[in-house]
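Observations on chain architecture
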Amino acid sequence: MQIVPKIDDYAWQVRRVPDWTGQTEIMIEIIGAEGCVSFGYSVKEAKRGLKEALLLWIKKYGELALPEGREGAHLIYIESEMSKEEEDYINVELKKLQ
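An account of the accompanying structure is given in this report. Since we're looking at a predicted model, the values are computed, not measured.

Turning our attention to the pattern of salt bridges. Applying the stated rule across the entire model yields 3 salt bridges. A salt bridge links arginine 15 to glutamate 86; the nearest nitrogen and oxygen atoms lie 2.8 Å apart. Of the two residues, arginine 15 is situated in strand S1 (residues 12-18) and glutamate 86 in helix H2 (residues 84-97); the sequence distance between them amounts to 71 residues. With a relative accessible area of 31%, glutamate 86 lands in the partly exposed category. The partner of aspartate 88 in a salt bridge is lysine 84, with the nearest N and O atoms 3.1 Å apart. In this pair, aspartate 88 and lysine 84 are both assigned in helix H2, 4 residues apart and thus about one turn of the helix distant. Looking at aspartate 88, the relative accessible area reads 35%, which means it is partly exposed.

Analysis parameters
- Residues numbered from 1 in each chain as written.
- Predicted model: local features only at pLDDT ≥ 70, side-chain atom pairs only at ≥ 80, totals over all residues.
- Heavy atoms only, no water.
- Salt bridge = Lys/Arg side-chain N within 4 Å of Asp/Glu carboxyl O.
- Helix = DSSP H or I, 4+ residues; strand = E, 2+ residues; numbered from the N terminus.
- Buried < 20%, exposed > 50% of the residue type's maximum accessible area, 1.4 Å probe, protein only.

As structure tokens, this is what we get:
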């Protein structure tokens, strides 16, 4: 039986980022599990999606690839809002993938 890790056992990076409509939303990523990320228009909404993101991440990379967790406590790193330069860079890189 697979034990499902709790998202609160890991450190998060929280950042406000632009969405596709020109507004901003909250991005939460588990630090050390690159790509394990969720978005929402509130922290609560983004946190709800993070649980599913973690399950999908484990399915792809396996439990052994998870960063070390801290049961019962976690750290939250709040990053500054994404700058216009960062947004432009990401959009250029995404266009290269098409």
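Read on, since the account is not over.
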